[in-house]
Amino acid sequence: MSDSDQAGGRRRARALAAAAALTLVAPMAACGTGGDEGTPTINLYYPPEQNLQKVVDDCNAQAQGRYRIEYRVLPRQADEQRVQMVRRLAAEDTGMDVLGLDVTWTQEFASADWILEWTGEDRAEAEQGTLEGPLETARYEGRLYAAPKNTNVQLLWYRKDLVPGPPATWNQMIVAAQELKNQGKPYQVLTMGAQYEGLVVLFNTLVESAGGRILNDDGTEAVMDEGTVRALAQLQRFATAGVTSPSFSNATEDPVRLEFQSGAGAFQLNWPFVYPALQEADPELAKQVGWARVPGIEPGTPSKVTIGGVNLAVSAYSEHPEEAFDAATCLRNEKNQKFSAINDGVPPTIESVYDDPEMTEAYPMKETILEELKEPAVRPLTPAYQSISTVMSAILSPPSAIDPEATADELRDAISDALESKGVLP
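Residues numbered from 1 in each chain as written. Predicted model: local features only at pLDDT ≥ 70, side-chain atom pairs only at ≥ 80, totals over all residues. Heavy atoms only, no water.

### Quick look at the overall build of the chain
Then comes step 1: Helix and strand content of the chain: 18 helices and 11 strands.
Then comes step 2: Overall, the chain is about 70 × 55 × 30 Å in size when its C-alpha atoms are taken along their principal axes.
Then comes step 3: Considering the chain as a whole, with its 426 residues, one finds that 54% of them fall into the buried category.
Then comes step 4: Excluding contacts between residues fewer than 6 apart, the proportion of contacts in the chain whose partners are at least 24 apart in sequence is 76%.
Then comes step 5: Carbon and sulfur atoms make up 47% of the accessible area of the chain, which totals about 17,500 Å².
Then comes step 6: For the chain, the distance from the average position of its 35 positive side-chain charges to the average position of its 62 negative side-chain charges is 4 Å. (Helix = DSSP H or I, 4+ residues; strand = E, 2+ residues; numbered from the N terminus. Buried < 20%, exposed > 50% of the residue type's maximum accessible area, 1.4 Å probe, protein only. Contact = heavy atoms within 4.5 Å. Areas by Shrake-Rupley, 256 points an atom, 1.4 Å probe, with all protein chains shown as cover. Lys, Arg positive; Asp, Glu negative; His and termini not counted. Charge placed at Lys NZ, Arg CZ, Asp CG, Glu CD.)

Here it is, written out as structure tokens:
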């Protein structure tokens, strides 16, 4: 075995070990529902969102005493959110009713029979006017198991005072950055390259933009086709072209934002939260920053950008499922999606909200967001996604060490092994 094969084997072993560790979490004891006997309590377990309590209050008023929603704030880190919910659902905890799930978890929770299918009028209302990309993340085996509450998508942020316009391809962006570097101007292309989900998001965007596939259509087999090899080559070229930050292989979202705000970057690939943050931190720099669709791989072929977001699901162990579906429907209706978009910076999943005049001030980039959302890249839809993500981030890190053909083979084998475990915690 060659040194490179041995190194690849060690990286793959570490990745699989990390994925296997996810299955060793012990169940927690179940918790009660609380509340008085006259008014059912609907416990909403949802990530931190600063103004969500106002939405909850409005839905409680609309319920007119039929139930009362209690907002139970989950931990800030996604992994901790998932572990808490998985432990309690595995213990058949009846104290959870409505769950805020990362878009990559819906298939896992549905396959484990932890969440209920949306049917009839509930399904019709969840699907009405909702963008297809977010809806795709809420389905499992052709059935709807969640209602998309909000979505998200990265944009290209660029310095209008440094470049005449946004690059259409990654290679154009690299060349533009190199030219700026040679001129002694701010030049860096800043984005997330640490060994975590942010690197998987970047890679998935490149794969989809290159017309590649990570898994087959039903999510049962690793494909890693020629488009994936092109994406690996593009990622490796970007990491070694001398245009990234020295911290690229350790970079996550907020440090990337701060580095761009410091003036070091000419380009930034990041989520829309960077816009209001820059407006507040450096209004003069903000005037020089434009936005555009993330660059594509091939000239003339638009990118497909990975979407994020949160889906609302109803626990299979809820003692009040009818009220829980009603509460979830209210929490993500058109009015409340607009409120959350404007006040908490979470892009809506209902397309008509983008046409509202009040959205223009908060989202001057809304047309670009909507353009990407209508042709999105969705991360592999499989119950084993958490295991797949873990092995992918390990093998892709650091991006500068990628050998396109060899890394594609390594990913294919590791993902095939991860699929066997299904990735569902007991």
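### So, the pattern of salt bridges
Pairing of side chains with opposite charge becomes possible as their charged atoms draw close.
Then comes step 1: All chains considered together, the criterion is met by 21 salt bridges.
Then comes step 2: Residue arginine 213 is joined to aspartate 217 by a salt bridge in which the shortest nitrogen-to-oxygen separation is 2.7 Å.
Then comes step 3: A relative accessible area of 31% places arginine 213 in the partly exposed class.
Then comes step 4: Exposure remark for aspartate 217: the relative accessible area of 71% places this residue in the exposed category.
Then comes step 5: In this structure, aspartate 254 engages arginine 257 in a salt bridge whose closest nitrogen and oxygen atoms are separated by 2.7 Å. Within this pair, aspartate 254 and its partner arginine 257 are both found in helix H10 (residues 253-261), separated by three residues, close to a single helical turn.
Then comes step 6: Through salt bridges with shared partners, a single network forms among Arg293, Glu371 and Glu375. (Salt bridge = Lys/Arg side-chain N within 4 Å of Asp/Glu carboxyl O.)

### Digging into the sheet that holds strand S9 (residues 265-270)
Then comes step 1: Read across the open sheet, the four strands follow the order S8-S9-S7-S10; overall the sheet is mixed. Each edge of the open sheet carries a strand with a single partner, namely strand S8 (188-190) and strand S10 (289-292). Averaged over all adjacent pairs, the angle separating strand axes in this sheet is 20°, with direction ignored.
Then comes step 2: Judged from the three bridges that link them, S8 and S9 form a sheet pairing that is parallel. Residue valine 189 lies in a different strand from S9, and its bridge partner there is phenylalanine 267. (Pairing = 2+ DSSP bridges. Axes fitted to C-alpha atoms, helices over the stretch in contact; angles between N-to-C directions.)

### Overview of the nonpolar core
Then comes step 1: If you look at the biggest cluster of nonpolar residues, it comprises 81 residues, and the most contacted ones within it are Trp170, Phe203, Phe267, Leu411 and Ile415.
Then comes step 2: Examining the composition of this core, we find that seven residues originate from one element, helix H8 (residues 197-209), more than from any other.
Then comes step 3: Of all hydrophobic cores here, the second largest spans 44 residues; its members include Leu74, Met96, Val98 and Leu99. (Core = buried A, V, L, I, M, F, W, Y, C linked by side-chain atoms within 4.5 Å.)

### Regarding the pairing of strand S11 (residues 307-314)
Then comes step 1: With eight of eight residues buried, S11 is to be regarded as a mostly interior element.
Then comes step 2: Judged by which residues are buried, S11 turns out to be covered on both faces: Ile307, Gly309, Asn311 and Ala313 on one side and Gly308, Val310, Leu312 and Val314 on the other are all buried.
Then comes step 3: Where strand S3 (residues 98-102) meets S11, five bridges bridge the pair, whose relative direction is antiparallel. The residue bridging leucine 101 from the neighbouring strand is asparagine 311, located in S11.
Then comes step 4: Bridge count between strand S6 (residues 147-153) and S11: six bridges; the pairing is antiparallel. The residue of S11 that forms the bridge with valine 153 is isoleucine 307.

### Here we look at the state of the cysteines
Then comes step 1: If you walk through the whole model with that rule in mind, you get one disulfide.
Then comes step 2: Here cysteine 59 connects covalently by a disulfide to cysteine 330, the sulfurs 2.1 Å from one another. A torsion of -95° about the S-S bond marks the disulfide between cysteine 59 and cysteine 330 as left-handed. You can see cysteine 59 sitting in helix H2 (residues 52-63) and its partner cysteine 330 sitting in helix H13 (residues 321-331), a full 271 residues away along the chain. (Disulfide = S-S within 2.5 Å.)

### Re the packing of H2 against helix H14 (residues 334-344)
Then comes step 1: Interhelical geometry of H2 versus H14 gives an angle of 160° and a closest axis separation of 10 Å. When the interaxial angle is binned, H2 and H14 end up roughly antiparallel. Classified by chirality, the crossing of H14 by H2 is right-handed. Side by side, H2 and H14 meet where Leu52, Lys54, Val55, Asp58 and Cys59 of the first sit next to Lys335, Asn336, Phe339, Ser340 and Asp344 of the second.
Then comes step 2: Looking at side-chain class alone, the contact of H2 with H14 contains four nonpolar, two polar and four charged residues. (Parallel < 35°, antiparallel > 145°, perpendicular 65-115°, else oblique. Left-handed = near helix turned anticlockwise from the far one by under 90°. Nonpolar A, V, L, I, M, F, W, Y, C, P; charged D, E, K, R; others polar.)

### Observations regarding the sheet that holds strand S2 (residues 68-73)
Then comes step 1: A sheet is described by the order of its strands in space; here five strands give the open sequence S2-S1-S3-S11-S6, paired in mixed fashion. The sheet is open, and its two edges are formed by S2 and S6, each paired on a single side. With strand direction ignored, the average angle separating the axes of adjacent strands in the sheet is 20°.
Then comes step 2: Where strand S1 (residues 41-46) lies against S2, six bridges are found, and the strand directions are parallel. If you follow tyrosine 46 over to S2, its bridge partner there is valine 73.
Then comes step 3: Where helix H3 (residues 78-90) meets the sheet, it contacts S1 and S3, and its direction lies at approximately 135° from that of S3.
Then comes step 4: Across the sheet, H13 lies against S1, S2, S3, S6 and S11, angled at about 150° from S11, the strand it touches most.

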